[in-house]
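Residue strings, one per chain:
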Amino acid sequence: MTLSKDYEHWIRTSFVEMNTALEEIYFAREARENVEGIGDEIKTQIREEGHEFIVQLLVEGNTDEGFENAFDLLGDVGLYMASLRRHEVTNPARETKSPLHEASALAMHISSFLGVVPRFATAHLTTRNRAVNGKIKSFTTLPDEYLFLDYNLRSIFAFKRAAELLSRVLPLGVTNPAAAILFEDAGDALRDVIESNDLLFKKLDRDRFFYCVRPYYKPYKVARQEYRGANGGDFSGINEIDLLLGLCSANDPYYSQLLVEKMLYMEPRDQISLRECMRQRSFLLQFLDAAPENKNDLTFKKNVEAYLSVCKLHGTTARQHHDKLVKDYIEKPSAALTPEKYKQVTASGPPLEELMSALEILRDMRLAVDRKNIRSAHDDMQKLRSYVGV
Ligand code: HEM
């Protein structure tokens with residue numbers, strides 16, 4: 001216990017200070033994206049100090065300290081590995097396996113019994129980021145990193161709230177007069193996502209985010225296996241909303257592949273909640289089932305309208321994420337990079353064009369647009385609208 005606490009203390013103090021110092025050195029340079037050979041003394045210090053703790057933790061092999069501590073320790077090992085990746089001490093493109101053998105072993109040991117990926121995930125810095133005297137864990141003390149984590153967490157909370165409210169409709173059924181209240185409350189939660197993302201967009205400095213925050217979210221290897229970077233969306237709430245609303249479905253091969261891939265990046269309780277959702281009949285299908293008998297009922301019409309309004313708001317969050325955040329903070333600044341750096345810009349690994357088109361598909365599913373090459377809810381929604389005349 002003491003050893004993992006000492007290591008965590010190092011992560012919260014010297015580690016953060018060294019990363020911040022390196023960021024300031026890189027950012028002051030003309031070619032900010034070139035970090036190889038810069039600040040090597042500090043990089044070595046991060047590597048060696050972290051290594052000393054990790055070797056002892058591996059020998060101690062004490063994994064029986066409860067879920068919270070094990071999950072935190074996995075995050076702390078992950079922050080170390082992600083930092084060395086960011087500073088180009090490691091780079092999966094030139095390695096057959098991670099040179100951080102002990103860190104890899106410790107991460108795999110912990111992750112195998114937690115049932116999560118053996119790397120740091122978004123939850124470590126957002127939903128499970130315990131503050132000590134008001135200070136959260138982070139890679140650096142840069143205001144833009146705090147801003148990003150703060151607004152990411154606010155959006156995650158709001159999405160989770162919306163998902164929870166929608167799940168309460170399940171036992172009631174979509175014809176229940178109370179369903180409209182839950183749809184309206186879920187809509188309010190999604191309005192909070194929109195507001196929070198708008199504020200993030202207004203406040204976050206594009207260059208600081210692109211050059212000093214985002215690089216910590218790159219993929220890295222743990223032993224022989226490369227793991228994609230964490231991203232702000234690795235929580236179940238957003239997918240639960242997709243599935244419950246019927247904008248995406250778990251039997252669509254495109255979407256289910258995404259869920260399978262994402263599952264182990266989520267904390268275990270999110271995995272359980274998502275699996276539960278995957279078994280449910282969506283509200284869209286439930287409304288269509290009930291429409292022939294209820295289409296002239298005023299309560300039914302009110303519920304449909306409230307449901308459609310939630311769908312619209314969910315689509316708006318997707319448009320905002322893609323058209324504002326991803327375009328402005330990743331696509332635009334990437335244009336200035338050399339081809340070599342450009343290749344490594346995405347957190348998930350694939351080339352930027354591929355990532356952009358995958359995110360566009362998700363956006364369009366959530367907007368229920370009429371698009372040939374995707375399985376969208378467009379036609380079913382039109383059918384529902386024509387039943388109730390809205
Ligand atoms: C995924 C960018 C903030 C939710 C992604 C991806 C990118 C991205 C590029 C694709 C994964 C990858 O990088 O490989 C950004 C940027 C942000 C931002 C530049 C802010 C500056 C947020 C916030 C949320 C969020 C605040 C709200 C919780 C998601 C979700 C995904 C995702 C849910 C997974 C794909 C999906 O289901 O849509 N983001 N993001 N992001 N992000 Fe963000």
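Residues numbered from 1 in each chain as written. Predicted model: local features only at pLDDT ≥ 70, side-chain atom pairs only at ≥ 80, totals over all residues. Heavy atoms only, no water.

- If you look the protein chain up in an unreviewed UniProt entry, it shows as DUF1864 family protein from Hyphococcus flavus.

1. Here we look at the packing of helix α6 (residues 143-167) against helix α8 (residues 206-213)
Item 1. Close contact between α6 and α8 brings their axes to 9 Å; oriented N to C, the two are set at 95 degrees. With respect to α8, the element α6 is oriented roughly perpendicular. When α6 is examined against α8, the residues Asp 144, Glu 145 and Phe 148 are found in contact with a partner set consisting of Arg 208, Phe 209 and Val 213. (Axes fitted to C-alpha atoms, helices over the stretch in contact; angles between N-to-C directions. Helix = DSSP H or I, 4+ residues; strand = E, 2+ residues; numbered from the N terminus. Parallel < 35°, antiparallel > 145°, perpendicular 65-115°, else oblique. Contact = heavy atoms within 4.5 Å.)

2. Regarding the confidence of the model for the protein chain
Item 1. Looking at the protein chain, the pLDDT average stands at 94 and 97% of residues meet or exceed 70.
Item 2. Both confidence scores are given for the complex: pTM 0.95, ipTM 0.96. (pLDDT = per-residue confidence, 0-100.)

3. What to know about the pattern of salt bridges
Item 1. Applying the stated rule across the entire model yields 28 salt bridges.
Item 2. Between Arg 191 and Asp 188 there is a salt bridge; the shortest N-O distance is 2.8 Å. Of this pair, Arg 191 and Asp 188 both sit in helix α7 (residues 179-203), three residues apart, roughly one helical turn.
Item 3. The partner of Lys 332 in a salt bridge is Asp 328, and the shortest N-O contact between them spans 3.0 Å. Taken together, the positions of Lys 332 and Asp 328, both in helix α13 (residues 298-334) and four residues apart, correspond to about one turn of that helix. (Salt bridge = Lys/Arg side-chain N within 4 Å of Asp/Glu carboxyl O.)

4. Focus: the packing of helix α1 (residues 2-28) against helix α2 (residues 40-60)
Item 1. As a packed pair, α1 and α2 sit with axes 10 Å apart at the nearest point and diverge in direction by 165 degrees. Considering their axes alone, α1 and α2 lie roughly antiparallel with respect to each other. By crossing handedness, the relation of α1 to α2 is classed as left-handed.
Item 2. Taken together, the residues of the contact of α1 with α2 sort by class into 14 nonpolar, six polar and four charged. (Left-handed = near helix turned anticlockwise from the far one by under 90°. Nonpolar A, V, L, I, M, F, W, Y, C, P; charged D, E, K, R; others polar.)

5. Brief notes about the packing of aromatic side chains
Item 1. What the rule picks out here adds up to 20 aromatic pairs.
Item 2. For the ring pair Phe 148 and Phe 209, a centre distance of 5.1 Å and an interplane angle of 55 degrees mean the geometry is tilted. Within this pair, whereas Phe 148 is found in helix α6, its partner Phe 209 is found in helix α8, the two being separated by 61 residues in sequence. Phe 209 shares its class with Phe 148; the two are buried.
Item 3. Measuring from ring centre to ring centre gives 5.9 Å for Phe 159 and Phe 235, while their planes differ by 35 degrees; the resulting arrangement is tilted. Of this pair, Phe 159 sits in helix α6 while Phe 235 sits in the loop between β2 (225-227) and α9 (237-245), and the two are 76 residues apart along the sequence.
Item 4. Note on Phe 159: relative accessible area 8%, which makes it buried.
Item 5. Looking at Phe 235, the relative accessible area reads 6%, which means it is buried.
Item 6. One aromatic cluster is present, formed by Phe 120, Phe 139, Phe 148, Phe 201, Phe 209, Tyr 216, Tyr 217 and Tyr 329 through successive ring pairs.
Item 7. Geometry around Phe 71 places Arg 128 over its ring, the cationic atom sitting 5.7 Å from the centre.
Item 8. Over the face of the ring belonging to Phe 27 we find Arg 208, whose NZ or CZ atom lies 3.8 Å from the ring centre. (Phe/Tyr/Trp six-rings, centres within 6.5 Å; stacked < 30°, edge-to-face > 60°. Buried < 20%, exposed > 50% of the residue type's maximum accessible area, 1.4 Å probe, protein only. Lys NZ or Arg CZ within 6 Å of the ring centre and 35° of its normal.)

6. Notes on the environment of Arg 281
Item 1. Looking at the element boundaries, Arg 281 is found in the loop between α11 (268-278) and α12 (283-294).
Item 2. A sequence separation of 32 residues divides Arg 281 from Ser 249, and the C-alpha atoms of the two residues are 9.5 Å apart.
Item 3. In contact with Arg 281, other than residues within four places in its own chain, are Leu 170, Gln 286 and Asp 289.
Item 4. A polar atom in the side chain of Arg 281 sits 2.8 Å from the side chain of Asp 289. (Polar contact = N/O pair within 3.5 Å; in protein donor to acceptor, adjacent residues only side chain to side chain.)

7. Digging into the side chain of Lys 262
Item 1. With respect to the helices and strands, Lys 262 occurs in helix α10 (residues 253-263).
Item 2. Apart from the residues lying within four places of it in its own chain, the contact partners of Lys 262 are Arg 228, Gly 233, Asp 234, Phe 235, Ile 238 and Asn 239.

8. Quick look at unusual backbone geometry
Item 1. The backbone of Asn 133 sits at a positive phi, close to 50 degrees, despite the residue not being glycine.
Item 2. Structurally, Asn 133 is set in the loop between α5 (122-125) and α6.
Item 3. One non-glycine residue, Ala 368, adopts positive backbone phi at about 50 degrees.
Item 4. With respect to the helices, strands and loops of the structure, Ala 368 is situated in the loop between α15 (352-366) and α16 (378-388).

9. Here's the deal with the state of the cysteines
Item 1. With the rule as written, the count across this model stands at zero disulfides.
Item 2. Free of any disulfide, Cys 248 has its nearest cysteine sulfur in Cys 311, 11 Å distant. (Disulfide = S-S within 2.5 Å.)

10. Details of the domain arrangement of the protein chain
Item 1. The assigned domain composition of the protein chain is domain 1 (2-121) and domain 2 (143-388).
Item 2. Between the C-alpha centres of domain 1 and domain 2 there is a distance of 30 Å.
Item 3. Every contact between the two is made by 36 residues of domain 1 and, on the other side, 28 residues of domain 2.
Item 4. Carbon and sulfur atoms supply 60% of the area that domain 1 and domain 2 bury against each other, a total of about 3,000 Å² over both sides.
Item 5. Across the contact surface, domain 1 and domain 2 share two salt bridges.
Item 6. With a closest N to O distance of 3.5 Å, Asp 207 and Arg 32 form a salt bridge.
Item 7. Across the domain 1-domain 2 interface, the total number found is 14 residue pairs in polar contact (both at pLDDT 80 or more).
Item 8. Of all elements in the fold, only α1, α3 (66-86) and α4 (101-114) reach the threshold of two or more residues within the side of domain 1 that touches domain 2.
Item 9. Looking at which element gives the most residues to the side of domain 1 that touches domain 2, the answer is α3, with eight residues.
Item 10. Across the side of domain 1 that touches domain 2, the residue classes break down as 15 nonpolar, 10 polar and 11 charged. (Domains from an automatic or database assignment. Buried area = accessible area lost by both parts, 1.4 Å probe.)

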